Amino acid sequence: MNKPPTIPMTDTRADVWLWAARFFKTRSLARQAIDGGRVDVNDLGCKPAKTLHVGDRLKISRGEERLEVELLVLSDRRGPANVAQTLYRETEASRIAREAMREQHRLVGASGPLKRPDKQVRRELRRLKDQR
């Protein structure tokens with residue numbers, strides 16, 4: 001049986017592309033992130049149904065992680081992670097900032113407490129907080 005020829009995509013919805021590129025686990029989470037203002041397209045706000053085009057720049061915030069990517073390929077299908085990574089290119093400044101943040105978290109995490117506070121320490125903390 002012959003396969004129909006595939007027509008290259010010219011545009012796709014923002015929430016669908018974010019899901020297909022594996023930035024979010026579900027389209028619903030992608031939609032919530034967009035509605036919450038955590039995704040910008042070309043330095044402007046975005047709505048879930050906004051059409052994306054090749055060459056658009058997206059700023060994506062996930063928790064403390066900030067990514068700035070350039071859209072290379074449009075897709076409305078979610079595939080394997082190695083294929084999803086070919087849909088975009090992260091900017092050099094974004095990659096450097098993300099690695100610096102990761103290193104900072106690693107260093108700060110190493111100086112954190114070694115164990116949970118025991119009952120005596122918790123009581124002392126409570127007394128200090130109540131004195132204010």
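Structural data are supplied above this passage.
Residues numbered from 1 in each chain as written. Predicted model: local features only at pLDDT ≥ 70, side-chain atom pairs only at ≥ 80, totals over all residues. Heavy atoms only, no water.

A. Quick peek at the environment of M9. Its location among the elements puts M9 in the segment before β1 (12-13). Separated by 25 residues in sequence, M9 and I34 have C-alpha atoms that sit 22 Å apart. Setting aside its immediate chain neighbours within four residues, M9 contacts L74, S75 and D76. (Helix = DSSP H or I, 4+ residues; strand = E, 2+ residues; numbered from the N terminus. Contact = heavy atoms within 4.5 Å.)

B. View of the sheet that holds strand β6 (residues 88-90). Strand order in this open sheet of four strands is β2-β4-β5-β6, and the pairing throughout is antiparallel. Both edges of this open sheet fall to β2 (39-41) and β6, since each of them pairs with a single strand only. Neighbouring strand axes in the sheet, compared pairwise and without regard to direction, differ in orientation by 25° on average. (Pairing = 2+ DSSP bridges. Axes fitted to C-alpha atoms, helices over the stretch in contact; angles between N-to-C directions.)

C. Seen up close, the packing of aromatic side chains. In total, this model carries three aromatic pairs according to the counting rule given. Considering the side-chain rings of W17 and Y88, the 6.3 Å spacing of their centres and the 80° angle between planes classify their relative orientation as edge-to-face. Taken together, the positions of W17 in helix α1 (residues 14-20) and Y88 in strand β6 put the pair 71 residues apart, joining distant regions of the chain. Across the pair, exposure class does not vary: W17 and Y88 are buried alike. (Phe/Tyr/Trp six-rings, centres within 6.5 Å; stacked < 30°, edge-to-face > 60°. Buried < 20%, exposed > 50% of the residue type's maximum accessible area, 1.4 Å probe, protein only.)

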